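Residues per chain, in single letters:
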Amino acid sequence: MNPKKSLGQNFLIDKNIIKKIVSLVKIKNKNIIEIGPGKGALTDEILKQFPKSLFLIEKDEKLSKELVFKYSQHKQVKVISGDVLKLDLERIILKNSIIFGNLPYNISSQILVKLIKFKTWTPNFSDLVLMFQKELANKITGKFNTKHYGRLSILTSYRLNIIQKFLISNNCFFPKPKVISQVIHFQPKKEAELSLRDTSNLEKITQFFFSNKRKMVNKKIKNILSESEIKKIRELKLNLRPSNLKPEVYFKITQIFEKK
Ligand code: SAM
């Protein structure tokens, strides 16, 4: 079967890297979800570590049929044939789950945002071990005052802690992608650390500011907050550009916006 580019099918073939990814978390007796298992490169290694349950979410019907056949002897494996973006993940995921995914590149940021925007927090997952294109990974992990800082890193840092990350050469895949990848291990922040009613509002606010990065903050903020509301944000300097505002300032703007 030819790998489908449209589904981001680059399969892991390097055994050491597969072991390294799976060993980031303790799997024994845990509930595991794998997004985009493909032919089961990570799945085989996960199974060796004795998970309690293992749900595989695969969009490619042919591959999901092969997976059902391949793991038919493993009672703890359940194959869900479908599009991860269309599934109600929050309902599917069991308590204390670990989510793995060598994600299809074209939708990897959408998948991450979907996980970040879960309605219930602290969520049912305790760990995320996800792989991205390096360029996207930079945007996810971009710290304040660096060139990769932006809406994705603000949104991510609101709900997730980054525990570890490492690069993966394109030689570890077949077919070989043009770009380098990065694995990131995240854990959810505790509910008490969070201040917003709805994470979608933070997404909207950051989208609004970063849609025009060169524009000074004072030009934009007047469209969403009143003079008196703006004065409540002491750390806010109006002559700055969106990338010069710390994540906490965006959290505060969103908080005030939510109270309107
Ligand atoms: N995990 C395997 C590995 O490491 O060898 C395959 C990884 S491959 C980069 C991405 C996988 O995600 C493919 O098997 C592809 O068919 C699947 N996929 C693509 N879009 C998907 C979607 N919307 N929902 C679920 N799976 C999807």
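Residues numbered from 1 in each chain as written. Predicted model: local features only at pLDDT ≥ 70, side-chain atom pairs only at ≥ 80, totals over all residues. Heavy atoms only, no water.

Caption draft 1: Region of interest: the overall build of the chain. Secondary structure summary: the chain contains 11 helices and nine strands in total. In terms of overall size, the chain behaves like a compact globule, its C-alpha atoms giving a radius of gyration of 20 Å where 260 residues would be expected to give roughly 18 Å. Its C-alpha atoms put the chain at 65 × 35 × 30 Å along the principal axes. Per-residue burial over the chain gives 51% buried out of 260 residues. Sequence-distant contacts, at least 24 apart, represent 69% of the contacts inside the chain between residues at least 6 apart. (Helix = DSSP H or I, 4+ residues; strand = E, 2+ residues; numbered from the N terminus. Rg over C-alpha atoms; globule rule 2.2 N^0.38 Å. Buried < 20%, exposed > 50% of the residue type's maximum accessible area, 1.4 Å probe, protein only. Contact = heavy atoms within 4.5 Å.)

Caption draft 2: Inspection of the site of the ligand at higher detail. Near the ligand, the surroundings consist of 23 residues, among which L12, G36, E58, D83 and N102 are the closest. Residue G36 places a main-chain N or O atom 2.8 Å away from a nitrogen atom belonging to the ligand. Protein chains bury 99% of the 600 Å² of accessible surface belonging to the ligand in isolation. (Near = heavy atom within 4 Å. Polar contact = N/O pair within 3.5 Å; in protein donor to acceptor, adjacent residues only side chain to side chain. Areas by Shrake-Rupley, 256 points an atom, 1.4 Å probe, with all protein chains shown as cover.)

Caption draft 3: Seen up close, the pattern of salt bridges. The full count for this structure, using the stated rule, is eight salt bridges. Linking E203 and K117 is a salt bridge whose minimum nitrogen-to-oxygen distance equals 2.8 Å. Of the two residues, E203 is situated in helix α8 (residues 199-210) and K117 in the loop between α5 (108-116) and β6 (125-133); the sequence distance between them amounts to 86 residues. One salt bridge connects K260 with E229, and the closest N-O pair in it is separated by 2.8 Å. On the criterion of sequence distance, the pair formed by K260 in the segment after α11 (247-259) and E229 in helix α10 (residues 227-231) is long-range, its members being 31 residues apart. (Salt bridge = Lys/Arg side-chain N within 4 Å of Asp/Glu carboxyl O.)

Caption draft 4: Representation of unusual backbone geometry within the structure. A cis amide bond, omega 10°, links W121 with the succeeding residue T122. Among the structural elements, T122 can be located in the loop between α5 and β6. Of note, the bond from F174 into P175 is cis; its omega dihedral lies within 30 degrees of zero at -10°. Checked against the element boundaries, P175 lands in the loop between β8 (173-174) and β9 (181-188). Its identity as a non-glycine residue notwithstanding, N29 has a phi of 65°, on the positive side. With respect to the helices and strands, N29 occurs in the loop between α1 (15-22) and β2 (31-35). The backbone of N145 sits at a positive phi, close to 75°, despite the residue not being glycine.

Caption draft 5: Structural view of the environment of H74. Note on placement: H74 falls in the loop between α3 (61-70) and β4 (77-81). In sequence terms H74 and L47 are 27 residues apart; their C-alpha atoms lie 8.8 Å from each other.

Caption draft 6: Structural detail: the packing of aromatic side chains. Counted under the stated rule, the structure contains nine aromatic pairs. Measuring from ring centre to ring centre gives 5.6 Å for F118 and F125, while their planes differ by 65°; the resulting arrangement is edge-to-face. Aromatic pair F132 and F186: ring centres 6.4 Å apart, planes at 85°, arrangement edge-to-face. You can see F132 sitting in strand β6 and its partner F186 sitting in strand β9, a full 54 residues away along the chain. Looking at F132, the relative accessible area reads 0%, which means it is buried. A relative accessible area of 0% places F186 in the buried class. Through a chain of ring-to-ring contacts, the aromatic side chains of F144, Y149, F208, F209, F210 and Y250 assemble into a single cluster. (Phe/Tyr/Trp six-rings, centres within 6.5 Å; stacked < 30°, edge-to-face > 60°.)

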